[in-house]
Amino acid sequence: MGLATFVCKIVINVFMSGKEIIDLAPLQGFTDFVFRRCHHQVFGSIDTYYIPYISVGKGKKIRNSQYRDVLPENNQGIPVVPQVLCANVDELRLLADELKQLNYSSVNLNLGCPYPMATKRGRGTGLLENDEMLRAVLDCLFSDYDFQVSVKFRSGLVDDQTIFKEIDTLAAYPFSQLIFHPRTARQMYKGQANRDLFVRLASELNRPLVYNGDLANAGDLDAIQQAVAGQHHWMIGRGVLINPLLVNQLKGEEFSDAQELNLKAQFHQLLLDNYREVLQDDGHVLLKMKQFWSYFSQSFENPAKVFKPIKKATKLARYMEIYPSILSM
Ligand SMILES: Cc1cc2nc3c(=O)[nH]c(=O)nc-3n(C[C@H](O)[C@H](O)[C@H](O)COP(=O)(O)O)c2cc1C
């Protein structure tokens, strides 16, 4: 996305379609190009789809599945931003060169991945905690490339005060967006994101901060807006997996029960059709659909009752037989 388009998009969002700018959080294993394509086609409500990270794997190469996910032909017509997970300048260069080759003009830096496999190698929150390496990576990213750069970070590895030290480093660079998920890496995804921490950082930092973590309804946005005046930029992940209409609703669209059901059915049919085309193997498709239902079932009154028959299905054919009636439960 060029700078002019980007600025234009923000202006349109702020002045024409209500105030909220809502991006999709990257969720490795869930929000892949098939999901993004289907979601965009049915709902068209998300401002930017952040692609789950790419990283340097065996033989200094990007894994095939990650590479396929960033290929422009798989993301045509969808506002996407790819994300890099790196430990040092060499890894950054390898990933950034690849994205440049693919003609990307924006990139997001992952300083939030909490998994020990990543953090112990100095990636994700591990890089956030290594100030010297972080500066080297940022110097390279901002001086040797012309990407528009955003960054997504947690509060620290174990200590949630770390971010208050590291924010000076981040604030010294011209990021297009600073996206804060107020949990430590040790917390993984458990408990509640710490909104007070977000409020404090937003007030200490003299520039806009995107909020990310546990947003499920308009009340969540309101509560944060009460504490941070002018907060209108959000990133949502699991909330969209649970309720794919969430972003439309948060932007003020209203749906009857019948419309809601119809859109959800349309979306799930499209997901299923597309995964059958892309994955081919029925077992893989079934597994994929079960993974989605582990979240999607949470939007029903009785999640366990909804998820049980889906979990029990051992063949894709069986799943295809039962899922339409479960949708209307
Ligand atoms: C299964 C899963 C995969 C994730 N993959 C990524 C990723 O690739 N990059 C990233 O920055 N964050 C990743 N995250 C974190 C989310 O982007 C987001 O920060 C987190 O889920 C909190 O937001 P939410 O409560 O709206 O889901 C992942 C989270 C989950 C649960």
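Residues numbered from 1 in each chain as written. Predicted model: local features only at pLDDT ≥ 70, side-chain atom pairs only at ≥ 80, totals over all residues. Heavy atoms only, no water.

What follows deals with helix 16 (residues 316-327). The terminal C-alpha atoms of helix 16, which comprises 12 residues, lie 16 Å apart, in line with the 16 Å expected from a rise of 1.5 Å per residue. Of all the positions in helix 16, only Leu316, Tyr319, Ile322, Tyr323, Ile326 and Leu327 are classed as buried. Here the buried residues of helix 16 occupy an arc of 130° about the axis, which is enough to place them on one side. Exposed residues pointing more than 90 degrees away from the buried face of helix 16 are listed as Ala317 and Glu321. If you follow the buried residues of helix 16, they end up packed against helix 13 (257-279), helix 14 (282-296) and helix 15 (303-312). (Helix = DSSP H or I, 4+ residues; strand = E, 2+ residues; numbered from the N terminus. Expected span 1.5 Å × (residues − 1). Buried < 20%, exposed > 50% of the residue type's maximum accessible area, 1.4 Å probe, protein only. Arc of directions from axis to C-beta. Contact = heavy atoms within 4.5 Å.)

Another point: the packing of aromatic side chains. Inspection of every chain in the model, using the stated rule, returns 19 aromatic pairs. Seen in terms of ring centroids, Tyr275 and Phe292 are 6.0 Å apart; in terms of plane orientation they differ by 35°. Their pairing is tilted. Of this pair, Tyr275 sits in helix 13 while Phe292 sits in helix 14; the two residues are 17 residues apart in sequence, bridging distant segments of the chain. Side by side, Tyr275 and Phe292 carry an identical accessibility label, which is buried. Cluster of aromatic residues (ring-pair linked, three or more members): Phe30, Phe35, Phe43, Phe267, Tyr275, Phe292 and Tyr295. One Lys or Arg, Lys100, reaches over the ring of Phe147 and ends 4.3 Å from the middle of that ring. The ring of Phe164 has Arg200 lying over it, and the distance from NZ or CZ to the ring centre is 3.6 Å. (Phe/Tyr/Trp six-rings, centres within 6.5 Å; stacked < 30°, edge-to-face > 60°. Lys NZ or Arg CZ within 6 Å of the ring centre and 35° of its normal.)

Looking at the secondary structure, you find Lys165 in helix 8 (residues 162-171). Taking the C-alpha atoms as reference points, Lys165 and Asp131, 34 residues apart in sequence, are found 9.5 Å from one another.

The values reported here are purely geometric and, on their own, carry no functional implication.
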